[in-house]
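A look at the structure
Read off the chains here:
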Amino acid sequence: MSKKSLRFNSKTIHGGQMPDAAYGAVMPPIYQTSTYAQSTPGGHKGYEYSRSGNPTRAALEASLASIENGKYGLAFASGLAAMDAVIKLLNPGDEVVSTNDLYGGSYRLFKQIFEKYGIKFHFIGMQDAAAIEAKINTNTKLIWVETPTNPMMNVIDVKAVSAVAKKHGLLLAVDNTFATPYLQRPLDLGADIVMHSATKYLGGHSDIVVGALVVKDEALADKLFFIQNASGAVCGPMDSFLTLRGIKTLHVRMERHCENGKAIAEYLQKHPKIEKVYWPGFEDHPNHDVAKTQMKGFGGMISFITKGSSYEDAIRIVEKLEVFTLAESLGGVESLAGHPASMTHASIPKEEREKSGVVDALIRLSVGIEDVNDLIADLEQAIS
Ligand SMILES: *Cc1c(COP(=O)(O)O)cnc(C)c1O
């Protein structure tokens, strides 16, 4: 069987991969080098300088392209460096319509870095794709979508947003960090660019900071490769190797994240001390139908609020957890708990934050792949 027609659970392992040319190494060696010997000026074996290209990074980039059903993958030093490269496609005067409830660092990059250069950002709820059209004008160039949203777990219909983007000739970029290509593949749904913080589920072991972009269109890929090389925020060879290693078990890990996520969401929803649980797998979640068609499962990210909704209760619970670690980040094998208002979303002004539901009492869980009974027992002792 040709490697071209592999199913997802094989692509994570084989997609774009070949034994190394030198000795047949099954995993690509970590080419820890900045430069490559030339026989005559310009006479090289495909690599000249590791900002422009590195064989370990190239192996990761091929894997990324394969698992997202794209053609070109680009690996960056962080998720934000990958986003930075996308916004650098734009010019002063251009406008972007973005999801309002998004990763705090993404908001900070847009507002505090790129607005200075004359790019304008509109932040809106995108659960109703029609609402996007009201913000589109002749300067609009890009729609930025994050789904499921962080930390409110709203689900945005990528196909519907893509129809709006196509109608107005706009680029559509989707931050696929939370879902991963195991759960949803935005390029198949009409997006032009997929972005990842590979720091999270793709790497999966909380041991790297890496970003990724995947596209299908060659001209768009060329522009992004130019920016990647010209700005220089590339992923190093060691981190490329670790990300590639993480991707090989993505499908197995995601299956367990989904299983444990479901059990914990259901446990929390029945708990007498819990007011509200945000998880797209519930039938009464406002975007459940979209989630069901767009995603293969509902993932391991859950947010909740305790009865009484007090800031102090939220802090007490996250401090009392023992198996869950109180930490920033998500998507690793270990379960993490966070308090968005004071941690991941502290860079968003309070009124802006609360408009999208990120209240002081909100707790966010990244459910790991431990024994779910231990996770539930830990939540029980912390909440009760
Ligand atoms: C973490 C994260 C980012 C930023 O990625 P870094 O790798 O931390 O730079 C962007 N989007 C989402 C959804 C994230 O969770």
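The rules behind the values
Residues numbered from 1 in each chain as written. Predicted model: local features only at pLDDT ≥ 70, side-chain atom pairs only at ≥ 80, totals over all residues. Heavy atoms only, no water. Phe/Tyr/Trp six-rings, centres within 6.5 Å; stacked < 30°, edge-to-face > 60°. Helix = DSSP H or I, 4+ residues; strand = E, 2+ residues; numbered from the N terminus. 1 Å grid on protein atoms, 1.4 Å probe; cavity = no way out; pocket = protein on both sides within 12 Å on 5 of 7 lines; lining within 4 Å. Points joined across faces, edges and corners; volume = space filled by probe spheres on them. Domains from an automatic or database assignment. Near = heavy atom within 4 Å. Polar contact = N/O pair within 3.5 Å; in protein donor to acceptor, adjacent residues only side chain to side chain. Areas by Shrake-Rupley, 256 points an atom, 1.4 Å probe, with all protein chains shown as cover. Nonpolar A, V, L, I, M, F, W, Y, C, P; charged D, E, K, R; others polar. Pairing = 2+ DSSP bridges. Axes fitted to C-alpha atoms, helices over the stretch in contact; angles between N-to-C directions. Contact = heavy atoms within 4.5 Å. Buried area = accessible area lost by both parts, 1.4 Å probe. Salt bridge = Lys/Arg side-chain N within 4 Å of Asp/Glu carboxyl O. Core = buried A, V, L, I, M, F, W, Y, C linked by side-chain atoms within 4.5 Å. Buried < 20%, exposed > 50% of the residue type's maximum accessible area, 1.4 Å probe, protein only. Parallel < 35°, antiparallel > 145°, perpendicular 65-115°, else oblique. Left-handed = near helix turned anticlockwise from the far one by under 90°.

1. Here we look at the packing of aromatic side chains
Remark: the centre distance and the inter-plane angle together describe each pair of aromatic rings, the angle taken between the planes. Following the criterion strictly, the structure yields nine aromatic pairs and no others. Judged by centre distance (5.7 Å) and plane angle (35 degrees), the ring pair of Y36 and Y47 falls under tilted. One end of the pair, Y36, is in the loop between α1 (8-14) and α2 (55-67); the other, Y47, is in the loop between α1 and α2, with 11 residues separating them in the sequence. Centre to centre, the rings of Y107 and F123 are 4.9 Å apart; their planes meet at 50 degrees, and the pair counts as tilted. Here F123 lies in strand β3 (residues 120-124) and Y107 lies in helix α4 (residues 104-114), a separation of 16 residues in the sequence.

2. Quick word on empty space enclosed by the protein
A water-sized probe rolled over the atoms picks out the places where empty space is left. With the rule as written, the count across this model stands at three cavities of 30 Å³ or more. Of the pockets and cavities examined, the largest cavity occupies roughly 50 Å³. Lining the largest cavity we find P148, M153, F178, A179, L183, P280, M295, F298, G299, G300 and M301. When residues of the lining of the largest cavity are sorted by domain, at least three fall in each of domain 1 (3-247) and domain 2 (251-383).

3. A few points about the site of the ligand
Close to the ligand lie 15 residues, the nearest being G79, D175, S197, T199 and K200. The separation between an oxygen atom of the ligand and a polar main-chain atom of G79 is 2.8 Å. Within the contact set of the ligand, an oxygen atom lies 2.7 Å away from a side-chain nitrogen or oxygen of T199. In isolation the ligand exposes 380 Å². Once the protein is present, 94% of that is buried. Elements supplying a minimum of two residues to the shell around the ligand: α3 (79-87) and β6 (193-197). Here the residues of the shell around the ligand sort into six nonpolar, six polar and three charged.

4. Here's the deal with the sheet that holds β3
Pairing in this open sheet of seven strands is mixed, and the strands run β1-β7-β6-β5-β4-β2-β3 from one edge to the other. Both outer strands of the open sheet, β1 (72-76) and β3, are each paired with one neighbouring strand and no more. On average, adjacent strands in this sheet sit at an angle of 20 degrees to one another, irrespective of strand direction. Bridge count between strand β4 (residues 140-146) and strand β5 (residues 171-175): five bridges; the pairing is parallel. Residue pairing in the sheet places W144 in a bridge with A173 of β5. Contacts from α4 reach β2 (95-99), β3 and β4, with the element oriented near 150 degrees to β3.

5. Focus on the sheet that holds strand β10 (residues 325-326)
Taken in spatial order, the five strands make up an open sheet running β8-β9-β12-β11-β10, and their pairing is mixed. Only two strands of the sheet have a single partner each, and these edge strands are β8 (274-278) and β10. Here strand β9 (residues 301-306) pairs with strand β12 (residues 363-366) via four bridges, running antiparallel. Opposite M301, over in β12, you have S366 as the bridge partner. Packing of helix α10 (residues 250-270) onto the sheet brings it into contact with β8, β9 and β12, and relative to β9 it is tilted by some 10 degrees.

6. Quick notes on the domain arrangement of the protein chain
When the domains of the protein chain are assigned, the result is domain 1 (3-247) and domain 2 (251-383). Spacing between the C-alpha centres of domain 1 and domain 2 amounts to 26 Å. Contact residues are listed per partner, giving 42 residues for domain 1 and 42 residues for domain 2. Interface area, domain 1 with domain 2, both sides summed: about 3300 Å², of which 62% is carbon and sulfur. Among the residues of domain 1 in contact with domain 2, Y182, L183 and Y201 are the three that bury the most area, contributing 24% of the side total. Our enumeration of links across domain 1 and domain 2 arrives at zero salt bridges.

7. Observations concerning the nonpolar core
Core analysis: the biggest nonpolar cluster contains 39 residues, and L60, L64, L183 and L202 have the highest contact counts within it. For this core, the elements supplying multiple residues, two or more each, are α2, α7 (180-183), β7 (211-215), α9 (237-247), α10 and β9. Summarising the domain contributions, this core has at least three residues from each of domain 1 (3-247) and domain 2 (251-383). Excluding residues within four positions of it along the chain, L183 makes contact with M254, C258, Q294, M295, K296, G297, F298 and G299. L102, L109, F121 and F123 belong to the second largest nonpolar core, which has 31 residues in total.

8. Focus on unusual backbone geometry
Residue P148 is bonded to the preceding T147 through a cis peptide linkage, with omega at -10 degrees. Along the chain, N150 connects to P151 via a cis peptide bond; the corresponding omega equals 5 degrees. With respect to the helices and strands, P151 occurs in the loop between β4 and α6 (158-167). Although it is not a glycine, S206 adopts a positive phi angle of roughly 55 degrees. Among the secondary structure elements, S206 is positioned in the loop between β6 and β7.

9. A few points about the packing of α3 against α4
Where α3 contacts α4, the axes come no closer than 11 Å and their chain directions differ by 45 degrees. With respect to α4, the element α3 is oriented oblique. Where α3 crosses over α4, the two elements pack in a sense that is right-handed. The residues of α4 that touch α3, namely those facing L80, M83, D84 and I87, are G105, S106, R108, L109, F110 and F114. The residue makeup of the contact of α3 with α4, split by class, is six nonpolar, two polar and two charged.

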